[in-house]
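Per-entry structural report
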Amino acid sequence: MSKIKILYVEDEPFLGRIVKESLESRDFEVVMVNDGKLAQGAFEKNRPDICVLDIMLPSKDGYSIAKDIRQVNPGTPIIFVTAKNQTEDVLKGFEVGGNDYLRKPFSMEELIVRVTNLLQLTQKSTK
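Scope of this entry: the structure provided in the associated data block. (Residues numbered from 1 in each chain as written. Predicted model: local features only at pLDDT ≥ 70, side-chain atom pairs only at ≥ 80, totals over all residues. Heavy atoms only, no water.)

Remarks on the overall build of the protein chain
Rule in force here: Here a strand is any run of E in DSSP of at least two residues, a helix any run of H or I of at least four, and the numbering for each starts at the N terminus. The size measure is the radius of gyration over C-alpha atoms, and the globule rule it meets is 2.2 Å times the number of residues to the 0.38 power. Note on exposure labels: buried denotes an accessible area under 20% of the residue type's maximum, exposed denotes more than 50%, and partly exposed covers the range between, all computed with a 1.4 Å probe on protein chains only.
If you tally the helices and strands in the protein chain, you get five helices and five strands. Counting helices and strands in the order they occur from the N terminus, the protein chain gives β-α-β-α-β-α-β-α-β-α. Relative to its length of 127 residues, the protein chain is compact, with a C-alpha radius of gyration of 13 Å against a globular reference of 14 Å. Considering only C-alpha atoms, the protein chain reaches an extent of 35 × 30 × 25 Å along its principal axes. Counting all 127 residues of the protein chain, 46% fall into the buried class.

Comments concerning helix α4 (residues 87-95)
We count it as follows: This arc corresponds to the set of directions leading from the helix axis out to the C-beta atoms.
Of the residues making up α4, those classed as buried are Asp 89, Val 90 and Gly 93. Buried residues of α4, viewed axially, fall in a sector of 100 degrees; they line one side. Across from the buried face of α4, at angles greater than 90 degrees, the exposed residues are Thr 87, Glu 88 and Glu 95. Of the residues trailing α4, Gly 97 is marked for its positive phi of about 115 degrees.

Some remarks on the packing of aromatic side chains
Under the convention used in this document: When two rings of Phe, Tyr or Trp (its six-membered ring) have centres within 6.5 Å they constitute a pair, described as stacked for plane angles under 30 degrees, edge-to-face for angles over 60, and tilted for the intermediate range.
Overall, the coordinates contain two aromatic pairs when judged by the stated rule. Ring geometry for Tyr 63 versus Phe 80: centroids 5.7 Å apart, planes at 65 degrees, classification edge-to-face. Taken as a pair, Tyr 63 in helix α3 (residues 62-72) and Phe 80 in strand β4 (residues 78-82) lie far apart in primary sequence, 17 residues in all. The exposure class of Phe 80 is buried, given its relative accessible area of 0%. Here the aromatic rings of Phe 80 and Tyr 101 are separated by 6.1 Å at their centres, their planes lie at 55 degrees, and the arrangement is tilted. Taken together, the positions of Phe 80 in strand β4 and Tyr 101 in strand β5 (residues 100-103) put the pair 21 residues apart, joining distant regions of the chain. A relative accessible area of 7% means that Tyr 101 is categorised as buried. Counting every residue linked through ring pairs, the aromatic cluster contains Tyr 63, Phe 80 and Tyr 101.

Quick notes on the environment of Leu 102
Condition: Only heavy atoms enter the contact rule, under which two residues are in contact if any of them lie within 4.5 Å.
With respect to the element layout, Leu 102 can be found in strand β5. Between the C-alpha atoms of Leu 102 and Ile 112, which are ten residues apart in sequence, the distance is 11 Å. Leaving out residues up to four positions away in the same chain, Leu 102 has contacts with Phe 80, Val 81, Thr 82, Glu 110, Leu 111 and Arg 114.

Here's the deal with the pattern of salt bridges
Quick note on the threshold: Put simply, a salt bridge is a Lys or Arg side-chain nitrogen that is within 4 Å of an Asp or Glu carboxyl oxygen.
Counted by the stated rule, this structure contains nine salt bridges. Across the salt bridge formed by Arg 26 and Glu 109, the nearest N and O atoms sit 3.7 Å from each other. Residue Arg 26 is located in the loop between α1 (13-25) and β2 (29-33), and its partner Glu 109 is located in helix α5 (residues 108-125); the two are separated by 83 residues in the primary sequence.

By themselves, these figures tell us nothing about what the structure is for.
Dropping the structure here:
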């Protein structure tokens, strides 16, 4: 069975490295980019099973990335992981096509549970 592939878009290098290594140690394959303008190309090239997007990024924000992903593949699950924690931020995340919203700081265990649950839900709905 192939590994679950995650597109992770995060511009903070220290957090990005920790999350990427933690996910990889749990047998996920992680493609990480640190700039919003690189996200669409990485998505189209790697065809991830799920996307984990920061919102505040250089060049292009996570909301715009989610809209672009929805144009290419409406069924790919998207989780926003962000410090933007106002109610209107969360609502906008869902309005642009996000499936889940995790506020920073977060625990790796919570991120992994959300990734796993979202993949199970979306795989059931496509069968």
